[in-house]
Each structure stands twice: as structure tokens, then as C-alpha cells.
Amino acid sequence: MKFIKPKNIENLYETLDDVGNQYLLAGGTDINVQIKNGTIRKPNIIYINHIQELTGIEENNDSILIGSTTSFKDIIESKSIKKYIPFMHNSLQNFASPLIQTTATIGGNIANGSPTADVIPILLALDAKLMICSKSTTREVFLKDFFTGYKQNVIMKNELITKILISKRAEHKYQTFYKKVGSRNSLAIAKVAVAGVKKVTKEKITDIKIAVGSLNEYPRRLFKVEEYVTGKTLIEIDFEKVEELLNLEITPISDLRSDKEYRYHVCVNLIRTFLNE
Ligand SMILES: Cc1cc2nc3c(=O)[nH]c(=O)nc-3n(C[C@H](O)[C@H](O)[C@H](O)COP(=O)(O)OP(=O)(O)OC[C@H]3O[C@@H](n4cnc5c(N)ncnc54)[C@H](O)[C@@H]3O)c2cc1C
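Nothing here was measured: the structure is a model prediction, and the numbers come from that model.

Novice: Got a minute to help me understand the sheet that holds strand E1 (residues 3-4) in this structure?
Specialist: Strands belonging to one sheet form pairs held by backbone hydrogen bonds; the direction of such a pair is parallel or antiparallel. With parallel pairing, the 3 strands of this open sheet are ordered in space as E1-E3-E2. With one partner strand each, in any of the chains shown, E1 and strand E2 (22-25) form the two edges of the open sheet. By the bridge criterion, 2 bridges tie E1 to strand E3 (residues 44-47) in an arrangement that is parallel. If you follow Phe3 over to E3, its bridge partner there is Ile45. Here helix H1 (residues 9-18) sits on the sheet in contact with E1, E2 and E3, set at roughly 165 degrees to E3.

Okay, structure coming up:
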């Protein structure tokens, strides 16, 4: 097991090319737990939290760009996020505790890929993209295409997430919804999370994105439900049909936090609430 602190971003990319069984350490709030409980054995740890190019929040004409090692505290306090993506600002208020908010990074939350990760459903509803880079390549991947299985994703051995890109949409034209259901309001891991963004024109839903967490092996969009409700007014929506489609898209399980029946019913109620709003 080695601990490596690259001198700069170029050195980081070279290190990613050279070292085997490597894990990045950004805030360390997930990986340190995994090393301690033995889920990860003899890892080579590459520290990235000091690399300037990976941190901070920028904006251009169309998008907000969040560096992957930006902490949740900096995201919650960001004026750009408050102004252009108030949905994200509001939804993250119950992320962990102030101490974890200071340390945990957005890139770590995404890459760790827990089914319960709070930021992933929010970013899925915003149709965010990830910038993924290696020494010689840069690619953009929609978050909806990032996960391939439980804690599996499309990042290759020599790559890392450098930025998260979110469109500066006219949010006032959209209705937003976020509900994280846990055992208590703060410092809770989600039993169910639903995030949604929808646009209604002349009573018809003309654009909608719904994402759920803690209901599948990774957080995901509900494409079938989205497709069914698009173009419909509220009275045209058959909620039995919504439930039928939902059954094809979620696979709730029972575990120490909750049981699958509870998760299922809470999810149905939250989606109904969002569509009715
Ligand atoms: C007490 C406590 C409370 C918590 N509460 C919550 C909560 O309420 N909600 C929630 O969602 N999570 C919660 N978590 C989990 C954790 O804090 C988050 O998932 C956090 O965002 C992880 O970020 P990190 O920087 O600490 O990741 P790290 O632990 O540094 O890394 C996690 C994983 O991501 C990989 N990684 C990190 N950065 C990158 C990158 N840029 N590119 C590619 N791979 C990368 C690492 O290799 C590692 O596998 C909690 C954890 C603790 C200990």
C-alpha cells in the first residue's frame, strides 16, 4: 500500500498511468471507511484534494462548472449555485452534518456511486454531465450514462472526473421537487430520495426529468414514467399506469434501513405528489 501526493495535475495523470490498484482520496469520507472495514484491501492511495485545477465553481454563458473536489460546503454557499441552480442549493441543505459537508466532495459522492448518494438524483434531474479526463483524453459523459452496475461506472483506470457541468436553465420556468426520506432530518442516509424538474405549458407537461435514489443498485432516471406523462395534462395521467411503469424501473430491497414495501409506497406517493404539484 502506497500513499502518493502528486505535485500537480500533470504528475497526477502520470501517476494514474503508472500505479496499479489505485484509489483516489478526495475528502476521504467514503474511502477511509472502506479501508478501515476491509472492503478495499491494500490500495495505493492517490491524494487529489490539493490539485488547484480540480476545485472551485466557475460559470460560462451556458453552464455552471463544478470542480470534482469542490466540497459540499462550498457548493451550498456558492452564489452562482444559489442564483442559477437554487434547486441544488435547497436540496443539499440536509446533506450529512456541517463537518462532513466541509470535507466531502461532489466528485467523491458521484464516483463512490452509492445507491443512497444524495447528489446523484439531484444531478440526474438536472441532466448534468461529467468531464472525465486522462493524460491524453477528455470526454463528456451524461450522468445518466455513467453507472453500469452497483458501484460500477465508465471511468477507466487512468481517468478521473474533473468537472461536473450543469446547464444554466431558466429555472423559474420549471417546477422542482426534492425529497429525501430518512430516519431523521439531518445526518440521515436516505431510505428513499426523489428529485424532479418539470415544465408545464398550457397545463401539459412539456419537459420532465425524475430521478430516484435508494431504490436500485444505483440512482437513476425514470425514463418510462417520464415518457408516459410527457404531453399530458394532469387529468390525462392514469396513476395506475404510472405505478405499472414504476414497477419496471425500480427494484427496492429490504435492508437494515428500511424494507422494500415501505420504500415502494413512499416512492409512489412522492412521485404522485410531484406530478400533482
Ligand atoms: C458521517 C458520514 C455521514 C455521511 N452522510 C452522507 C449523506 O448525508 N449523504 C450522502 O450522500 N453521503 C453521505 N456520506 C458519504 C460521503 O460523505 C459522500 O459520499 C462524499 O461525498 C464522498 O466524497 P469524498 O470526497 O469524501 O470521497 P472519497 O472518500 O475521497 O472517495 C470516494 C470514492 O470516489 C473516488 N473518487 C473521488 N474523487 C474522484 C474523482 N474526482 N474522480 C474519480 N473518482 C473519484 C475514490 O477513488 C473513492 O473510490 C457520509 C459519510 C460519513 C462518514
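That shown, we press on.
Novice: How do you make sense of the side chain of Asn109 when you look at a structure like this?
Specialist: By the secondary structure assignment, Asn109 is in helix H7 (residues 106-112). On the basis of relative accessibility, which here comes to 11%, the residue Asn109 falls in the buried class. In this view, Asn109 contacts Phe72, Phe95, Ala117, Asp118, Val119 and Ile120; residues no more than four positions away in its chain are not counted.

Novice: Honestly, the site of the ligand in this entry has me stumped. Any pointers?
Specialist: Around the ligand, a shell composed of 29 residues is seen, among which Gly27, Thr29, Asp30, Ile31 and Thr105 lie nearest. The side chain of Ser68 places a nitrogen or oxygen atom 3.3 Å from a nitrogen atom of the ligand. Between the ligand and Thr105 there is a distance of 2.6 Å, counted from an oxygen atom to a side-chain nitrogen or oxygen. Of all the elements in the fold, those that place two or more residues in the shell around the ligand are E2, H7 and strand E10 (160-167). For the shell around the ligand, the element with the most residues is H7, which contributes 5 residues. A per-class count over the shell around the ligand returns 17 nonpolar, 9 polar and 3 charged.

Novice: What exactly am I supposed to notice about the packing of aromatic side chains here?
Specialist: One pair of aromatic rings is described through two measures. These are the centre distance and the angle between the planes. This model, assessed by the stated rule, comprises 5 aromatic pairs. Members of the aromatic cluster, joined through ring pairs, are Phe146, Phe147 and Tyr218. Its guanidinium or amino end placed over the ring of Phe142, Lys144 lies 4.9 Å from that ring's centre, counting from NZ or CZ. Here the guanidinium or amino end of Lys198 rests over the ring plane of Phe274, the centre of that ring lying 4.8 Å away.

Novice: Looking at this structure, I do not really get the nonpolar core. What am I missing?
Specialist: The biggest cluster of nonpolar side chains holds 39 residues, and the ones touching the most others in it are Met88, Ile106, Ile110, Leu123 and Ile164. Going through the elements one at a time, strand E5 (63-67), helix H3 (72-77), helix H5 (86-91), H7, helix H8 (119-125), strand E6 (129-133), E10 and strand E12 (192-201) are the ones with two or more residues in this core. No other element matches H8, which puts 6 residues into this core. Looking at which domains feed residues into this core, each of domain 1 (3-167) and domain 2 (174-276) supplies at least three. Each residue touching Leu123, except ones within four places of it in the same chain, is listed here: Met88, Ile106, Ile110, Ala128, Leu143, Ile164 and Ile166. Core analysis: the second largest hydrophobic core is formed by 27 residues, Val194, Tyr264, Val266 and Ile271 among them.

Novice: Would you explain the environment of Val192 in this entry?
Specialist: Positionally, Val192 belongs in strand E12. You can call Val192 buried: its relative accessible area is 0%. For the pair Val192 and Glu240, spaced 48 residues apart in sequence, the C-alpha separation works out to 21 Å. With residues near it in sequence (within four places) discarded, Val192 still touches Lys179, Lys180, Val181, Gly213, Ser214, Leu215, Arg263, Val266, Cys267 and Leu270.

Novice: Please explain the sheet that holds strand E4 (residues 57-59) as it appears in this structure.
Specialist: One open sheet accounts for 5 strands, arranged E4-E5-E10-E6-E7; its pairing is antiparallel. Only two strands of the sheet have a single partner each, and these edge strands are E4 and strand E7 (138-142). Across this sheet, the average inter-strand angle for adjacent strands is 25 degrees, counted without regard to direction. When E6 meets E7, the two strands line up antiparallel, connected through 5 bridges.

Novice: Looking at this structure, I do not really get the pattern of salt bridges. What am I missing?
Specialist: Close approach of charged atoms allows side chains with opposite charge to pair. Tallied over the full model, the rule gives 14 salt bridges. A salt bridge links Glu58 to Lys163, with the shortest nitrogen-to-oxygen separation between them at 3.4 Å. Here Glu58, found in strand E4, pairs with Lys163, found in strand E10; they are 105 residues apart in sequence, far enough to count as distant. Given the relative accessible area of 40%, Glu58 is considered partly exposed.

Procedures and definitions
Residues numbered from 1 in each chain as written. Predicted model: local features only at pLDDT ≥ 70, side-chain atom pairs only at ≥ 80, totals over all residues. Heavy atoms only, no water. Pairing = 2+ DSSP bridges. Helix = DSSP H or I, 4+ residues; strand = E, 2+ residues; numbered from the N terminus. Contact = heavy atoms within 4.5 Å. Axes fitted to C-alpha atoms, helices over the stretch in contact; angles between N-to-C directions. Buried < 20%, exposed > 50% of the residue type's maximum accessible area, 1.4 Å probe, protein only. Near = heavy atom within 4 Å. Polar contact = N/O pair within 3.5 Å; in protein donor to acceptor, adjacent residues only side chain to side chain. Nonpolar A, V, L, I, M, F, W, Y, C, P; charged D, E, K, R; others polar. Phe/Tyr/Trp six-rings, centres within 6.5 Å; stacked < 30°, edge-to-face > 60°. Lys NZ or Arg CZ within 6 Å of the ring centre and 35° of its normal. Core = buried A, V, L, I, M, F, W, Y, C linked by side-chain atoms within 4.5 Å. Domains from an automatic or database assignment. Salt bridge = Lys/Arg side-chain N within 4 Å of Asp/Glu carboxyl O.

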